[in-house]
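# Structural description and commentary
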Amino acid sequence: FLTGEGSELQCDTGFVEFMNLTAKQSALQCNITGTNGFMVLTSAPDPRDIVWDNATVEKQSIIVKNAQCGLLLFAGTLLWFAVVGAVTSLSDLDEIRRRKILPEWFFRNPDSIWYDLIEGYLPVVLLELLMLVVPFILRIVA
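Notes on the structure follow. (Residues numbered from 1 in each chain as written. Predicted model: local features only at pLDDT ≥ 70, side-chain atom pairs only at ≥ 80, totals over all residues. Heavy atoms only, no water.)

## Overview of the overall build of the protein chain
- The helix and strand inventory of the protein chain stands at 5 helices and 0 strands.
- Going from N to C terminus, the protein chain has its helices and strands arranged as α-α-α-α-α.
- Counting every position in the protein chain, which comprises 142 residues, the buried fraction comes to 6%.
- Of all intrachain contacts in the protein chain linking residues separated by at least 6 positions in sequence, the fraction that spans at least 24 positions is 57%. (Helix = DSSP H or I, 4+ residues; strand = E, 2+ residues; numbered from the N terminus. Buried < 20%, exposed > 50% of the residue type's maximum accessible area, 1.4 Å probe, protein only. Contact = heavy atoms within 4.5 Å.)

This is the structure:
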């Protein structure tokens, strides 16, 4: 049984099941609002696939939640730029040598393979490890 005020029971979603294609086509061609494309018709989903608690969510609430999610993803993109910049600066051995962050023996031969590995492959490996975390974060956001 439905309980509550009339304004509490309104929603923007409805399910109508037609017994045949003729009834569906008649309902689609019945232009009540005076505008084309007012109704969106799709095949009915399986009732077990519907989250019935979400069926009465107001459209304004959906718009606000979509905007919040977009802002969160935009902020994450800005944060990602900072992460990439930090990883790139960690692998710039010439800058680290100039600032004397690591001991001098670490930079004895800039033409060595270790020097090239740290400058060339370290940022790629670190960013790849960070990219492994991104799908989990996106699942949390979803």
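## Section: the pattern of salt bridges
- Evaluated as defined, the whole model comprises 1 salt bridge.
- Here Asp46 and Arg48 are joined by a salt bridge, their closest N and O atoms 2.8 Å apart. (Salt bridge = Lys/Arg side-chain N within 4 Å of Asp/Glu carboxyl O.)

## Observations regarding the environment of Thr77
- Looking at the secondary structure, you find Thr77 in helix H2 (residues 59-90).
- You can call Thr77 partly exposed: its relative accessible area is 39%.
- Separated by 2.9 Å, the side chain of Thr77 and the backbone oxygen of Leu73 make a polar contact. (Polar contact = N/O pair within 3.5 Å; in protein donor to acceptor, adjacent residues only side chain to side chain.)

## Overview of the packing of H2 against helix H5 (residues 122-141)
- Here H2 crosses H5 at 165 degrees, and the two axes come no closer than 11 Å. By the criterion of interaxial angle, the relationship of H2 to H5 is roughly antiparallel. Relative to H5, the crossing made by H2 is right-handed. From H2, Cys69, Leu72, Leu73, Trp80, Val83, Val84 and Val87 reach across to H5, where they touch Pro123, Leu126, Leu127, Leu130, Met131, Val134, Leu138 and Val141.
- Here the contact of H2 with H5 is composed, by residue class, of 15 nonpolar, no polar and no charged. (Axes fitted to C-alpha atoms, helices over the stretch in contact; angles between N-to-C directions. Parallel < 35°, antiparallel > 145°, perpendicular 65-115°, else oblique. Left-handed = near helix turned anticlockwise from the far one by under 90°. Nonpolar A, V, L, I, M, F, W, Y, C, P; charged D, E, K, R; others polar.)

## So, a nonpolar patch on the surface
- Residues Ile113, Trp114, Leu117, Tyr121, Val125, Leu129, Leu132, Val133 and Ile137 make up a contiguous nonpolar surface patch of about 940 Å² in total accessible area.
- Among the elements of the structure, helix H4 (113-120) and H5 are those that each provide at least two residues to the nonpolar patch.
- Among the elements that line the nonpolar patch, the one with the most residues is H5, at 5 residues.
- If you trace the backbone, Tyr121 turns up in the loop between H4 and H5.
- Here Tyr121 falls in the exposed class, since its relative accessible area comes to 55%. (Patch = residues over 30% accessible without salt bridge, like charges linked within 9 Å, V, L, I, M, F, W, Y side chains within 5 Å. Areas by Shrake-Rupley, 256 points an atom, 1.4 Å probe, with all protein chains shown as cover.)

## Focus on the packing of H4 against H5
- For the pair H4 and H5, the least separation of the axes is 4 Å and the interaxial angle reads 35 degrees. Each of Leu117, Ile118, Glu119 and Gly120 in H4 lies in contact with H5, whose residues at this interface are Leu122, Pro123 and Val124.

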